[in-house]
There are 2 protein chains.
Amino acid sequence: MRTPDLSSRQLRAFTALADQRNFTHAAQTCHLSQPAFSALIATLESALGARLFDRDKRSVQLTPEGRLFEGAARRLLEDMGSALESLASHVELRQGRVRIAALPSLAAGWLPAVFAEFMHAWPGITLELHDALSDACIALVRSGQADFALAVPGAGAALSDLRTRRLCADGFHLVCLPGHPLVGETRLTPAKLAHWPFIQMTRNSSVRQALDAALHPLRLNTVFEVEHLATVRGLVEAGLGISVVPALTLFHFQGAVVTRPLPLPSLQRSVHLVQRKGASLSVAAQALHGLIVERMGNRVLD
Amino acid sequence: MRTPDLSSRQLRAFTALADQRNFTHAAQTCHLSQPAFSALIATLESALGARLFDRDKRSVQLTPEGRLFEGAARRLLEDMGSALESLASHVELRQGRVRIAALPSLAAGWLPAVFAEFMHAWPGITLELHDALSDACIALVRSGQADFALAVPGAGAALSDLRTRRLCADGFHLVCLPGHPLVGETRLTPAKLAHWPFIQMTRNSSVRQALDAALHPLRLNTVFEVEHLATVRGLVEAGLGISVVPALTLFHFQGAVVTRPLPLPSLQRSVHLVQRKGASLSVAAQALHGLIVERMGNRVLD
DNA sequence: GCGCTTTACGCTGCGCGTAAGTATC
DNA sequence: GATACTTACGCGCAGCGTAAAGCGC
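What counts, and where the lines are drawn
- Residues numbered from 1 in each chain as written.
- Chains lettered and ligands numbered in written order.
- Predicted model: local features only at pLDDT ≥ 70, side-chain atom pairs only at ≥ 80, totals over all residues.
- Heavy atoms only, no water.
- Salt bridge = Lys/Arg side-chain N within 4 Å of Asp/Glu carboxyl O.
- Helix = DSSP H or I, 4+ residues; strand = E, 2+ residues; numbered from the N terminus.
- Buried < 20%, exposed > 50% of the residue type's maximum accessible area, 1.4 Å probe, protein only.
- Contact = heavy atoms within 4.5 Å.
- Buried area = accessible area lost by both parts, 1.4 Å probe.
- Polar contact = N/O pair within 3.5 Å; in protein donor to acceptor, adjacent residues only side chain to side chain.
- Least-squares fit on C-alpha atoms with pLDDT ≥ 70 in both.
- Near = heavy atom within 4 Å.
- Nonpolar A, V, L, I, M, F, W, Y, C, P; charged D, E, K, R; others polar.
- Domains from an automatic or database assignment.
- Expected span 1.5 Å × (residues − 1).
- Arc of directions from axis to C-beta.

*Asks:* Explanation requested: the pattern of salt bridges in the structure shown.
*Replies:* Between side chains of opposite charge, a pair can form when the charged atoms approach closely. Applying the stated criterion across every chain yields a total of 38 salt bridges over all chains. Where Arg142 of chain B meets Asp161 of chain B, a salt bridge forms, and the shortest distance between an N and an O atom there is 2.9 Å. Of this pair, Arg142 of chain B sits in helix α7 (residues 134–142) while Asp161 of chain B sits in the loop between β5 (148–151) and β6 (162–176); the two residues are 19 residues apart in sequence, bridging distant segments of the chain. Judged by its relative accessible area of 35%, Arg142 of chain B falls in the partly exposed class. Because the salt bridges share partners, they merge into one network encompassing Arg203, Arg208, Asp212 and Glu225 of chain A.

Written as structure tokens, this is what we have:
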């Protein structure tokens, strides 16, 4: 009794009758038989504990209480409608936002093309991209600031609260000057790289971690540890050493240096999709996630 | 499908589950068995076309769409609640307004005491009083500016769109100076008044109309036609004539003039309650209407 | 094994439409 | 008698509770 139930059907019936002031017509509007409609109004009146309409034979009119309720009823229906509309427009991908975190190499590599396709298909969806190193990407997912991440989880990271899915892999490539002896090698192996001055990425980069894991326990002749691939390129170009980088980053190395694929299955960097385990993705995020899987799933880039 | 039905039960179930994140507990909150509650949520999700909760075994959480809907759901419930509360407070006379039109004689006579009683019983109800002549009172009712009127409908007035109910009657009283010959009359009759200089109210006053109707075709010796009873009193007091006024207006004549009842059943003014025929009264107006009938119904004032 | 949700399954009763009733013009 | 709302009545199905079955931990 304290909180009578109220349904949108009742509210619609009420406003229809308030509009038309005729049970028969309002019943048709609500796709009900007239007696059923009558009962619906009667139920509403009884639930509210107030007579809402005067049925003075020949004319139906709102009572003062009915007029009082009318405004509220219309407002409720409108709010209900816009809430449903908003939800529907998100479900139907007319509206929404996806926040994604990705490694800089992916963010600069194939991701833009997928974004473009997605944005063309769903122009109402706003995409937000954080390009960050793997750990930062995963932290963004964990904190809920990103819906999912494209990253290369390090070996030691705790991922029990996350769902990770292998998406695709990057082959690694040798980078050196055109005249370097390794360019002519027919069968490049890790061991053959070990002697040469080697330019590394910093230890927290996914490139470095993948490389360390793949070459372990081989020791390289590290001469530099730098943050940016552009720096690697500059150092190689200056003849100060060689390096090994994932296929996805090769766009940094077009021009004065040469690159050679290292055809080693063990020497691959696996890109993972990372999301929170308990929480599902929004419809929009699912759609982008799906498109990414569709376009890049199980690819190996060389 | 275009406009899914939404009930307050569903919204309450939704918010309960969003709050408690546990089907079993939320079901208890809603006084439902757990399976029934589960089905209720499932129905809602299906109606909205979106999954609202992640049931990831061990933990229930809102999906992104669920979070989107949560705000709207809570707002809807709150608005619904306040609409119901407002309606209830009107029905239960904690809130409201009654606009009443009444003849000045009633407005100054017994009406204030009834108002005082009503306002004491229902302090939340605002009373609005228009004191006006009968025709104006009736016009206010007809235009909806007054809920009902206390008036003395003239003989010729068209009242087919109004519901009138006789409330009570006023006897008429002679008003003259203390030493006047009529004061000693044992049996006052209209004919005995005819010779004396007579002070009339204007023709559109209900006093005058009742008097004219009752005395017809007797011709009085009219020496003044005035608007206000206070003027009548002044003129009588100055010895310029006699007058006849309803019992309700006698409070104007205490002091230097004397009054004598005219014991003629035909010489009565019937006070009517007037309201619109098609439209019912608000609960508050009904309450005041009822109190007025209770206190004054079928009284004859002498 | 325990806690929690879902599935299965009768059963009650709400709410529907048809048809008859009633009242006003 | 025409119109419009209410009452009567039988019926189907939505929605309930009980009981049993998944499913992680």
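Anyway, onward from the coordinates.
*Asks:* What am I meant to see in the interface of chain A and chain B here?
*Replies:* Note: interface size is frequently given as the accessible area lost on complex formation between the parts. Residue-level contacts link 37 residues of chain A with 37 residues of chain B. Summing both sides of the interface, chain A and chain B together bury roughly 3200 Å²; the carbon and sulfur share of this comes to 62%. Where chain A meets chain B, there are four salt bridges. For Asp5 of chain B, the salt bridge is made with Arg12 of chain A, and the minimal N-O distance between the two is 2.6 Å. Where chain A meets chain B, there are ten residue pairs in polar contact (both at pLDDT 80 or more). Breaking the side of chain A that touches chain B down by element, the ones donating at least two residues are α1 (8–20) and α4 (64–91) of chain A. Broken down by element, the side of chain A that touches chain B gets its largest block of residues, 14 residues, from α4 of chain A.

*Asks:* Can you help me understand the relation of the copies chain A and chain B in this one?
*Replies:* These two copies of the chain differ by a rotation about an axis and a displacement along the same axis. Mapping chain A onto chain B calls for a rotation angle of 180 degrees and an axial translation of 0.0 Å; the resulting RMSD is 0.2 Å. Taken together, the rotation and translation describe the operation of a two-fold axis. Taking C-alpha positions as the reference, the residue of chain A nearest the rotation axis is Ser7 of chain A, at 2.0 Å. A shared interface surface links the copies, since 97% of the contact residues of chain A are contact residues in chain B too.

*Asks:* Quick question: what am I supposed to make of the protein's contact with DNA strand C here?
*Replies:* Close contacts around DNA strand C come from 15 residues, with Arg9 and Ser33 of chain A together with Gln34, Ser38 and Arg55 of chain B the closest. Counting only the atoms of DNA strand C within 4 Å of the protein, the fraction contributed by sugar and phosphate is 65%. For DNA strand C, a phosphate oxygen lies 2.6 Å from a polar atom in the side chain of Arg9 of chain A. Between a phosphate oxygen of DNA strand C and a side-chain N or O atom of Ser33 of chain A, the distance comes to 2.7 Å. For the surface near DNA strand C, the secondary-structure elements that each account for two or more residues are α3 (34–48) of chain A together with α2 (23–29) and α3 (34–48) of chain B. Take the surface near DNA strand C: its biggest share by element is three residues, from α3 of chain B. Taken together, the residues that form the surface near DNA strand C break down as six nonpolar, five polar and four charged.

*Asks:* What's the story with the environment of Ala139 of chain B in this structure? I'm lost.
*Replies:* Residue and element names in this part refer to chain B. If you trace the backbone, Ala139 turns up in helix α7. The class for Ala139 is partly exposed, based on a relative accessible area of 42%. As for Ala139 and Ala101, which are separated by 38 residues in sequence, their C-alpha atoms are 9.5 Å apart.

*Asks:* Which parts of the structure should I look at to understand the protein's contact with DNA strand D?
*Replies:* Taken together, 16 residues form the shell around DNA strand D, and within it Thr24, Gln34 and Ser38 of chain A together with Arg9 and Ser33 of chain B come nearest. Take the atoms of DNA strand D that sit within 4 Å of the protein: sugar and phosphate atoms are 67% of them. Arg9 of chain B has a polar side-chain atom sitting 2.7 Å from a phosphate oxygen of DNA strand D. Within the contact set of DNA strand D, a phosphate oxygen lies 2.7 Å away from a side-chain nitrogen or oxygen of Ser33 of chain B. Put simply, the parts of the chain that give the surface near DNA strand D at least two residues each are α2 (23–29) and α3 of chain A together with α3 of chain B. Take the surface near DNA strand D: its biggest share by element is three residues, from α3 of chain A.

*Asks:* Teacher, can you tell me more about the side chain of Thr15 of chain B here?
*Replies:* Position of Thr15 of chain B among the secondary structure elements: in helix α1 (residues 8–20). Contact partners of Thr15 of chain B, with chain neighbours within four places excluded, come to Ala73, Arg74 and Leu77 of chain B.

*Asks:* Any chance you could explain the domain arrangement of chain A here in plain terms?
*Replies:* Each assigned domain of chain A is listed here: domain 1 (8–91), domain 2 (96–167 + 270–301) and domain 3 (172–267). Computed over C-alpha atoms, the centres of domain 1 of chain A and domain 2 of chain A are 47 Å apart.

*Asks:* Would you mind showing me how to read α3 of chain A here?
*Replies:* Each full turn of the α-helix corresponds to 3.6 residues, which orients residues three or four apart in the same direction. Between the first and last C-alpha of α3 of chain A there are 21 Å, a value that for 15 residues agrees with the 21 Å anticipated at 1.5 Å per step. Among the residues of α3 of chain A, those classed as buried are Phe37, Leu40, Ile41, Leu44, Glu45, Ala47 and Leu48 of chain A. Within α3 of chain A, the buried residues cover an arc of 165 degrees as seen down the axis, which keeps them to one side. Facing away from the buried surface of α3 of chain A by more than 90 degrees, the exposed residues are Pro35 and Ser46 of chain A. Against α1, α2, β1 (53–55) and α4 of chain A together with α4 (64–91) of chain B lie the buried residues of α3 of chain A.

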